[in-house]
Amino acid sequence: MMKLGHVLFASLVFSLSHIDYVHGDSVNVLKFSPERDPSPRHEISSQTIFADSLDEDPMTSYLQRQKRKNGDWKSVTCDICVFITLQVQDWVSKSADVDFIIKEAIKICTVFKIEDARVCSMIVPLHQEEILYVVANLALNPNEACGIILGDTCGTPYFPGEMWNVTFPPTPKPTPKPPTPPKPSSPTLRFLHLTDIHIDFDYRQGASPECGEPLCCRVHDLFNDCIPDTLKAGKYGDNHQCDAPMSLVVSLFQHLSTIQDQFDYVIMTGDIPAHDVWNQTRTDQVSHLVVLDKLFNEYLPNKPVYSCIGNHESSPVNSYPPPTIPIQDIGWLYGALANSWGKWLPESAVKTVLQCGEFSFSPYPGLRIISINNNYCNKGNWWLLLNTTDPCNVLQWLIEELQKAEDGGEKVHMLLHIPPGEGTCLKAWSYNYYNIVNRYENTIVNQFYGHSHKDWFEMFYDNVNFKRPVGFGFIAPSITPGSDINPIYRIYTMDGNYTGSSYAVLDFNNFYLNLTEANLSGNPVWQFEYSPKKLYNMTGLYAVDWDNLIQRMEANDNLLQLFNLYKNNLYPLPPCVGQCRTDLLCELIEGRSYDPDLCNKHINV
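The rules behind the values
- Residues numbered from 1 in each chain as written.
- Predicted model: local features only at pLDDT ≥ 70, side-chain atom pairs only at ≥ 80, totals over all residues.
- Heavy atoms only, no water.
- Disulfide = S-S within 2.5 Å.
- Helix = DSSP H or I, 4+ residues; strand = E, 2+ residues; numbered from the N terminus.
- Buried < 20%, exposed > 50% of the residue type's maximum accessible area, 1.4 Å probe, protein only.
- Phe/Tyr/Trp six-rings, centres within 6.5 Å; stacked < 30°, edge-to-face > 60°.
- Lys NZ or Arg CZ within 6 Å of the ring centre and 35° of its normal.
- Polar contact = N/O pair within 3.5 Å; in protein donor to acceptor, adjacent residues only side chain to side chain.
- Pairing = 2+ DSSP bridges.
- Axes fitted to C-alpha atoms, helices over the stretch in contact; angles between N-to-C directions.
- Contact = heavy atoms within 4.5 Å.
- Salt bridge = Lys/Arg side-chain N within 4 Å of Asp/Glu carboxyl O.
- Left-handed = near helix turned anticlockwise from the far one by under 90°.
- Nonpolar A, V, L, I, M, F, W, Y, C, P; charged D, E, K, R; others polar.
- Core = buried A, V, L, I, M, F, W, Y, C linked by side-chain atoms within 4.5 Å.
- UniProt positions renumbered as here; feature names shortened; annotations may be inferred.

Enquirer: Describe the state of the cysteines, and please don't skip the residues or the numbers.
Expert: Tallying each qualifying case throughout the model produces six disulfides. Disulfide partner of Cys-377: Cys-425, at an S-S distance of 2.3 Å. Its S-S torsion of approximately -130° makes the covalent link between Cys-377 and Cys-425 left-handed. Remark: Cys-425 occurs in the loop between strand 8 (411-415) and helix 13 (427-439) and Cys-377 occurs in the loop between strand 7 (367-371) and helix 12 (394-407); sequence separation between them is 48 residues. Across the pair, Cys-425 and Cys-377 agree in class, each one buried.

This is the structure in structure tokens:
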């Protein structure tokens, strides 16, 4: 996740999540300060718009937590959003020349200092087709569109497409069965989890890690020789705004090849390309898939790899038009995924990859892996402004697959890229997914996500009293160093392949690379980080155990600080107290987005 990942729609509306101003200050429009001021003020109309115009209510508190959690969110008022949307619609309705619209969009992107002029000049043309089609066909009024983009605090008028419901089969829900730990002598399986690799082909050792753009340490960020090496990007990566160099990725795969007897298969939960989203073509994106394929083939040739798709796989980023968009075809990407994933999947699964970027497959008797494309819940996917109702029928298809699994006595592992409780996941989609997890709580034994780059989890509770834990999702840390984190991979141990197996994860081990040491020594050493059962003194890794951990963290500050350290991939941070403490506990509880009451039901917010 990075700043530009949320900037699309029109680069006028690109600015929606990236206009800077100070809380409590007034913001004026159309007269722009030429210098970047610590307290910039932009005139937008004759009226004055106030940044802190929202009442303090539970939803406001929820959105503020989301903004703090996602550093790419800025405080944007609905008034600004509506103003920009109206401006774009006006140009389109008057059939303004495309070159004029793009030129003006670049100007606003630059003047509002969303990014520097170079990035603005490249990202706007990249998204022009999406911009113009969505604006020309938008059935929502600006308030409704901004409500989807910014959340319910916009006071968005109700419109029928906002909330919708999937249809469940008439089969009654079986009585919930608490998980039973396997006998100590039962066989086990182990699998590797990789996520958010973000390979940067243009990474350059010696480049500047603080270049003023969304992604640094790149070929055009090179320093002169007078700068000390300690201020330059290292050989194996950097903890600033930089992605994973090939040297880091190759070192990982070389290491994995030496321990491949420690896992039976691999899951990969998305985001292979780098964050240079202003300069990516379809060919670029496919080349990242091909390179990763070659690495698996060379270093782990006999290990099946089961993946889900990330928001960065597409070009433009986040752009996943559903089949209902007649002028768009995402087949170029789904076809590349089918080529990459198809070697480990049957023909029936490859067919659904080609349709919506998803699959359902049983690698062992009694276990089913279901990979779904939840870019169709991503609010950064502006195509969804045209229709948010179960795009590509992903959730309805998921229900059908889960019902088959339930009927056949199978246990299911879910692969998703975006944690469904995050504020980037649209409310209706998230609520429906939450209900699906509730309905099939006996069938879905584990869920695996990426996207966050951090190490945490997300809870699901019963949807009646919201007290009984019914499921959870592992949110795995990233390979890319990104911002202030170390690269990490994970190996799970689960109940094994035998009749009656629960196929539930019993424990996992994280392994990390100390980037500072690797760059200083020139010798990357991947080393053991922790096991949650040992570190947090957990009896198991079932939903009830993670819920118990949350309760213990609320009562024990030392435990909470320990969790926060490992959540941030061993990067040293100040103590997590006050609002940080509340945010940390709430984000673990909030397994569905835009529900401000979930956290209040469990802790004193």
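Enquirer: Would you mind going over the packing of aromatic side chains in detail, with residue names and values included?
Expert: As enumerated under the stated definition, the model contains 32 aromatic pairs in all. Taking 5.8 Å as the distance between ring centres and 50° as the angle between the ring planes, the aromatic pair formed by Tyr-133 and Trp-383 counts as tilted. Highlighted residues: Tyr-133 in helix 6 (residues 128-137) and Trp-383 in the loop between strand 7 and helix 12, separated in sequence by 250 residues. Across this residue pair, the class does not change: Tyr-133 and Trp-383 are buried. Ring centres of Phe-191 and Tyr-265 lie 5.0 Å apart, and the angle between their planes is 5°; this geometry places the pair in the stacked category. In this pair, Phe-191 is assigned in strand 3 (residues 188-194) and Tyr-265 in strand 4 (residues 265-268), connecting sequence segments 74 residues apart. No difference in accessibility class separates Phe-191 from Tyr-265, as the two residues are buried. The ring of Phe-508 has Arg-490 lying over it, and the distance from NZ or CZ to the ring centre is 3.7 Å. Positioned above the aromatic ring of Tyr-434 is the side chain of Arg-592, whose terminal nitrogen or guanidinium carbon lies 5.2 Å from the ring centre.

Enquirer: With reference to specific residues and values, describe the side chain of His-451.
Expert: Within the fold, His-451 resides in strand 9 (residues 444-453). Of note is the side chain of His-451, whose polar atom sits 3.3 Å from the side chain of Asn-311. Within the structure, the side chain of His-451 is placed 3.0 Å from the side chain of His-417, a separation counted as a polar contact.

Enquirer: Give me the lowdown on the sheet that holds strand 7, citing residues and values where you can.
Expert: Reading across the sheet, the six strands line up as 6-7-8-9-11-10 and stay open at both edges, with mixed pairing between neighbours. Only two strands of the sheet have a single partner each, and these edge strands are strand 6 (359-364) and strand 10 (456-461). The sheet shows a mean angle of 25° between the axes of neighbouring strands, direction not considered. Sheet contacts for helix 12: strand 6, strand 7, strand 8 and strand 9; angle to strand 7, the most-contacted strand, approximately 175°.

Enquirer: Provide a residue-level description of the pattern of salt bridges, including the pertinent values.
Expert: One pass over the structure, following the stated rule, counts 15 salt bridges. Across the salt bridge formed by Arg-468 and Glu-441, the nearest N and O atoms sit 2.9 Å from each other. Taken together, the positions of Arg-468 in the loop between strand 10 and strand 11 (469-477) and Glu-441 in the loop between helix 13 and strand 9 put the pair 27 residues apart, joining distant regions of the chain. With relative accessibility at 36%, the residue Arg-468 sits in the partly exposed group. Because the salt bridges share partners, they merge into one network encompassing Asp-200, Asp-202, Arg-218 and Asp-276.

Enquirer: Quick rundown of the packing of helix 16 (residues 543-555) against helix 17 (residues 557-567)? Include the residues and the values.
Expert: Two elements in contact, helix 16 and helix 17, have axes separated by 5 Å at closest approach and are oriented at 120°. For the pair helix 16 and helix 17, the crossing hand works out as left-handed. Here helix 16 contributes Leu-549, Arg-552, Met-553 and Ala-555 to the contact with helix 17, which in turn contributes Asp-557, Leu-559, Leu-560 and Phe-563. Taken together, the residues of the contact of helix 16 with helix 17 sort by class into six nonpolar, no polar and two charged.

Enquirer: Now, about the nonpolar core: what can you tell me, with residues and values included?
Expert: In terms of nonpolar packing, the biggest core is built from 125 residues, with Leu-194, Tyr-433 and Tyr-489 touching the most fellow members. Contact partners of Leu-194, with chain neighbours within four places excluded, come to Leu-252, Phe-253, Leu-256, Val-266, Ile-267, Met-268, Thr-269, Phe-296, Ile-479 and Tyr-489. Core analysis: the next-biggest nonpolar cluster, separate from the first, contains ten residues, Ile-102, Val-119, Leu-215 and Trp-278 among them.

Enquirer: An account of the pairing of strand 3 is needed here, citing residue identities and associated values.
Expert: Burial analysis of strand 3 places five of its seven residues in the buried class, which makes it a mostly covered element. Where strand 3 and strand 12 (residues 488-495) come together, six bridges link them in antiparallel fashion. Bridge pairing in strand 12 places Leu-192 opposite Ile-491. Note that strand 3 and strand 4 share four bridges and pair parallel. When the bridges of strand 4 are listed, Leu-194 appears paired with Met-268.

Enquirer: Run through the sheet that holds strand 5 (residues 305-307), naming residues and quoting values.
Expert: Strand order across the open sheet formed by six strands is 5-4-3-12-13-14, with mixed pairing between neighbours. At either end of the open sheet lies a strand with only one pairing partner, and these are strand 5 and strand 14 (526-530). Geometrically, the sheet is characterised by an average inter-axis angle of 30° between neighbouring strands, direction not taken into account.

Enquirer: Describe the environment of His-453, and please don't skip the residues or the numbers.
Expert: With respect to the helices and strands, the residue His-453 is situated in strand 9. Here His-453 falls in the buried class, since its relative accessible area comes to 7%. As for His-453 and Pro-477, which are separated by 24 residues in sequence, their C-alpha atoms are 4.7 Å apart.

Enquirer: Describe the pairing of strand 13 (residues 505-513), listing the residues and the values that go with them.
Expert: Among the nine residues that make up strand 13, eight are buried, leaving the element largely enclosed by the rest of the structure. Where strand 12 meets strand 13, seven bridges bridge the pair, whose relative direction is antiparallel. Paired with Thr-493 across the bridge in strand 13 is Asp-507. When strand 13 meets strand 14, the two strands line up antiparallel, connected through four bridges.

Enquirer: If you had to explain the UniProt feature "binding site: Zn(2+) 1" (unreviewed entry) in the protein chain to someone new, which residues and values would you point to?
Expert: Sequence positions flagged by UniProt for "binding site: Zn(2+) 1" (unreviewed entry) are, in local numbering, Asp-196, His-198, Asp-271 and His-453. Separation in sequence by 258 residues is not matched in space for these annotated residues, since their most distant C-alpha atoms are only 10.6 Å apart. Asp-196 has contacts with Met-268, Gly-270, Asp-271, His-417, Gly-450, His-451, His-453, Ser-478, Ile-479 and Thr-480, leaving out every residue within four places of it along the chain. Position of Asp-271 among the secondary structure elements: in the loop between strand 4 and helix 9 (282-299). Of the residues examined, Asp-271 reaches a relative accessible area of 0% and is grouped as buried.

Enquirer: Can you tell me about unusual backbone geometry, naming the residues and giving the values?
Expert: The omega angle of the peptide bond from Ser-315 to Pro-316 is 0°, so this bond is cis rather than trans. Along the chain, Pro-316 falls in the loop between strand 5 and helix 10 (331-341). Phi angles above zero are rare outside glycine, and Ser-95 is one such case at about 55°. A relative accessible area of 63% places Ser-95 in the exposed class. You will see that Asp-390, though not glycine, has its phi angle at about 35°, which is positive. Relative to the helices and strands, Asp-390 resides in the loop between strand 7 and helix 12. When its relative accessible area of 7% is taken as the criterion, Asp-390 is described as buried.

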